Amino acid sequence: MLIVGLTGGIGSGKTAASDMFKSLGANIVDADIVAREVVEPGNPAFISIIEHFGNSILQDDKYLDRAQLRQIIFAKPAEKQWLEDLLHPIIRQEIKKQLNNSNSLYTILVSPLLFETDQSNMVNRTLLIDVPSDIQLERASKRDDNSRQQIQKIIDSQLPRDVKLKKANDVICNDKDLAELEKKVKEQHAFYLRLAHEQHS
Ligand code: ATP
């Protein structure tokens, strides 16, 4: 089965593009959603995290206090490493399961960290949603109500645009309006359908 990894920086339009691929019939597996699901109450990763950090890592509603967890791992690299060692294999396994269960002609794995993690080994092709940084800054700060400085910090922490452009097999430039994005997604969809048919023949 053809699996396409879709990636891009913060506010590049990954969700907008993947929603369009979905409405064209492609199944979507979202690495961010999987990462949240595996730490839901009762799951093995949730239990390991409580054992490690104690009950104070829980909110009143008994869900993980993700903001507190982020603060801890930001301040303590060893804790960050511990958490990554715990979660990465579990997330990977769950992504694999969801990809295996997909029955569309091709499937899209949406992951902001596709190139930064071994998730790129799980896909046949990679598609970058690319956007110039001034537009990225504009759209992301408008959407999240975050300051431009905060967004700029996140952009700086992500893999640089030129590196992503070199790594990607396919690129959609999302610098125009949503109608233009939809047109490009449709073209890309037709290309992936052709590839999927070739794989089967
Ligand atoms: P993140 O990594 O932060 O989750 P993302 O890559 O999924 O972001 P989106 O949420 O799809 O990005 O897009 C960011 C914002 O920009 C959204 O408000 C979206 O509606 C808007 N947007 C995306 N593409 C366009 C476009 N071509 N024209 C206008 N607005 C757009």
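Please read these numbers as outputs of a predicted model, since none were measured by experiment. (Residues numbered from 1 in each chain as written. Predicted model: local features only at pLDDT ≥ 70, side-chain atom pairs only at ≥ 80, totals over all residues. Heavy atoms only, no water.)

## Overview of the nonpolar core
If you look at the biggest cluster of nonpolar residues, it comprises 27 residues, and the most contacted ones within it are Ile49, Ile57, Leu64, Leu87, Ile95 and Leu109. If you list the elements that add at least two residues to this core, you get helix H2 (31–37), helix H3 (44–53), helix H4 (66–75) and helix H5 (77–101). Considering every element that reaches this core, the biggest residue donor is H5, with six residues. Apart from the residues within four sequence positions on either side, Leu87 is in contact with Val38, Val39 and Ala45. Val4, Met20, Ile172 and Tyr192 belong to the second-largest nonpolar core, a separate cluster that totals 18 residues. (Core = buried A, V, L, I, M, F, W, Y, C linked by side-chain atoms within 4.5 Å. Buried < 20%, exposed > 50% of the residue type's maximum accessible area, 1.4 Å probe, protein only. Helix = DSSP H or I, 4+ residues; strand = E, 2+ residues; numbered from the N terminus. Contact = heavy atoms within 4.5 Å.)

## A word on the layout of surface pockets
Considering only enclosed or pocket space, the largest pocket measures out at about 2,200 Å³ in volume. Around the largest pocket, the lining comprises 50 residues; the ones closest to its centre are Asp32, Arg66, Arg70, Pro112 and Leu113. Secondary-structure elements contributing two or more residues to the lining of the largest pocket are helix H1 (14–23), H2, H4, H5, helix H6 (133–144) and helix H7 (148–157). Looking at which element gives the most residues to the lining of the largest pocket, the answer is H5, with eight residues. Residue classes in the lining of the largest pocket are distributed as 21 nonpolar, 12 polar and 17 charged. (1 Å grid on protein atoms, 1.4 Å probe; cavity = no way out; pocket = protein on both sides within 12 Å on 5 of 7 lines; lining within 4 Å. Points joined across faces, edges and corners; volume = space filled by probe spheres on them. Nonpolar A, V, L, I, M, F, W, Y, C, P; charged D, E, K, R; others polar.)

## Some remarks on the packing of aromatic side chains
Given two aromatic rings, one states the distance between the centres and the angle between the planes to describe the pair. What the rule picks out here adds up to five aromatic pairs. Geometrically, the ring pair formed by Phe21 and Tyr106 is edge-to-face, given 6.5 Å between the ring centres and 90° between the ring planes. Of the two residues, Phe21 sits in helix H1 while Tyr106 sits in strand E3 (residues 106–110), which places them 85 residues apart along the sequence. Both residues of the pair, Phe21 and Tyr106, belong to the buried class. Consider the rings of Phe21 and Tyr192, whose centres lie 6.4 Å apart with planes at 40°: the pair is tilted. Here the residue Phe21 occupies a position in helix H1, and Tyr192 occupies one in helix H9 (residues 178–200), the gap between them amounting to 171 residues. One exposure class covers both Phe21 and Tyr192, and it is buried. (Phe/Tyr/Trp six-rings, centres within 6.5 Å; stacked < 30°, edge-to-face > 60°.)

## Concerning the pattern of salt bridges
Counted under the stated rule, the structure contains eight salt bridges. Here Asp170 ties to Arg125 by a salt bridge, and the two come within 2.8 Å at their closest N and O atoms. One end of the pair, Asp170, is in strand E5 (residues 170–173); the other, Arg125, is in strand E4 (residues 125–130), with 45 residues separating them in the sequence. For Asp170, a relative accessible area of 8% translates into the label buried. (Salt bridge = Lys/Arg side-chain N within 4 Å of Asp/Glu carboxyl O.)

## Considerations on H3
For H3, every residue scored as buried is listed here: Ala45, Phe46, Ile49, Ile50 and Phe53. Seen along its axis, H3 keeps its buried residues to an arc of 140°; they face one direction. Opposite its buried face, H3 presents the exposed residues Pro44 and Glu51, each directed more than 90 degrees away. On its buried face, H3 sits against H4 and H5. Where H3 terminates, the next one or two residues include Gly54, which has phi positive at roughly 90°. (Arc of directions from axis to C-beta.)

This is a description of form; function is not addressed.
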